[in-house]
Amino acid sequence: REALSLQPNHGEALRELAWTLFSQRKMDAALPYFEQQARLHPRDAQARVDLGWAYANLGLHHQALQEYEAALQQDPGHVYAWVNRGWSLFHLKDYLQAEEAYRKALELDADNPDARVNLVLLYLQTNHREKARAELTEGLKAMPNDPRLLRLRQKLAGNPGSPG
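The sections below set out a description of the structure shown in this document. (Residues numbered from 1 in each chain as written. Predicted model: local features only at pLDDT ≥ 70, side-chain atom pairs only at ≥ 80, totals over all residues. Heavy atoms only, no water.)

Thoughts on the overall build of the chain
Stage number 1. Of regular secondary structure, the chain possesses ten helices and zero strands.
Stage number 2. Each helix (α) and strand (β) of the chain, taken in turn from the N terminus, gives the series α-α-α-α-α-α-α-α-α-α.
Stage number 3. Out of the 164 residues in the chain, the part that is buried amounts to 44%.
Stage number 4. Long-range contacts, defined here as pairs at least 24 residues apart, represent 45% of the contacts in the chain between residues at least 6 apart.
Stage number 5. Here the chain has roughly 8,900 Å² of accessible surface; of this, 51% comes from carbon and sulfur atoms. (Helix = DSSP H or I, 4+ residues; strand = E, 2+ residues; numbered from the N terminus. Buried < 20%, exposed > 50% of the residue type's maximum accessible area, 1.4 Å probe, protein only. Contact = heavy atoms within 4.5 Å. Areas by Shrake-Rupley, 256 points an atom, 1.4 Å probe, with all protein chains shown as cover.)

Shown next as structure tokens:
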């Protein structure tokens, strides 16, 4: 906070403080700093993705989607704008668009662990176990030691009759 008192418009100081508060699970306290960062740097795709992620973690998925869309207008290749867009759409139960967002992220970065894990989770949620299994297999080829993928493999193997 000291850096901000000296330079209240400094983007990196805002980002650092926001993420520090966020990592301490002080989401409500972090939000104004994410918002200020995005206001000061409206063309910074990462600032918009950060703000979207803050909104999403507060359950404000509609607001998060607006930020991800703004980020994608600035940088259509921003992988985490696509991943996080998928995450918010998933939480809004728009599974088709969430799947499209995760697929776009994987098109940009075939080994993105978050897109892959989230796609497996989406398929489990929507009772598409074979698709989940196929995505899990692809993910494990690239990331054989990813603990999330290993847990999902165990879940798929252990509960063949459950939707996930």
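Don't stop here, the text continues.
Examining the packing of aromatic side chains
Here the distance between the centres and the angle between the planes together describe a pair of aromatic rings.
Stage number 1. The tally for this structure, following the rule as stated, stands at two aromatic pairs.
Stage number 2. Pairing W87 with F90 gives two aromatic rings, centres 6.0 Å apart and planes at 10 degrees, and the pair type is stacked. Here the residue W87 and the residue F90 both occupy positions in helix α6 (residues 79-91), the gap between them amounting to three residues, near one helical turn.
Stage number 3. For W87, a relative accessible area of 26% translates into the label partly exposed.
Stage number 4. These aromatic residues form a ring-pair network of at least three members: W87, F90 and Y95. (Phe/Tyr/Trp six-rings, centres within 6.5 Å; stacked < 30°, edge-to-face > 60°.)

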